[in-house]
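The chain contents come next:
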Amino acid sequence: GEGAAAAGGAEAAEEEGEMTELSRLEIRVGRIVEVDQHPDADTLYVEKIDVGEEEPRTIVSGLVKYQTKEQLTDRRVVVLCNLKPRAMRGVTSHGMLLCCSNEDHSEVDP
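Residues numbered from 1 in each chain as written. Predicted model: local features only at pLDDT ≥ 70, side-chain atom pairs only at ≥ 80, totals over all residues. Heavy atoms only, no water.

Caption draft 1: Quick peek at the pairing of strand β4 (residues 76-80). Two strands pair when backbone bridges link them, and strand β1 (residues 27-37) and β4 are joined in this way by five bridges, in the antiparallel orientation. The partner of Arg28 across the bridge, within β4, is Val79. Here β4 runs beside strand β7 (residues 96-98); their pairing, made up of three bridges, is antiparallel. Residue pairing for β7: Val78 is matched across the bridge by Leu98. (Pairing = 2+ DSSP bridges. Helix = DSSP H or I, 4+ residues; strand = E, 2+ residues; numbered from the N terminus.)

Encoded structure:
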């Protein structure tokens, strides 16, 4: 109906080069090549993720209670790459692993 047409018009305007919040995100698909337990945090993993750069990125994530190392290793994942590097309990993380969850966050999946 009319609502769909109006929404389509707004999308078309954004496609013509207007910078949106979403377009500022550098999102890449990568492959987890290595997963280690964080040396100082039981709930964190330190992952090496190949996102097509010279070296795999080190990313720290809080997935210990949701995924095993074996479930994560060699998995294709979605990574937010243009965040400022941030130390998480002494290990610098160079991005964020994007995940989905069920409504109460009892299940989290990259």
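Caption draft 2: Structural view of the environment of Lys69. With respect to the element layout, Lys69 can be found in helix α2 (residues 69-72). Separated by 32 residues in sequence, Lys69 and Gln37 place their C-alpha atoms 8.4 Å apart. Setting aside its immediate chain neighbours within four residues, Lys69 contacts Val35, Asp36, Gln37 and Tyr45. (Contact = heavy atoms within 4.5 Å.)

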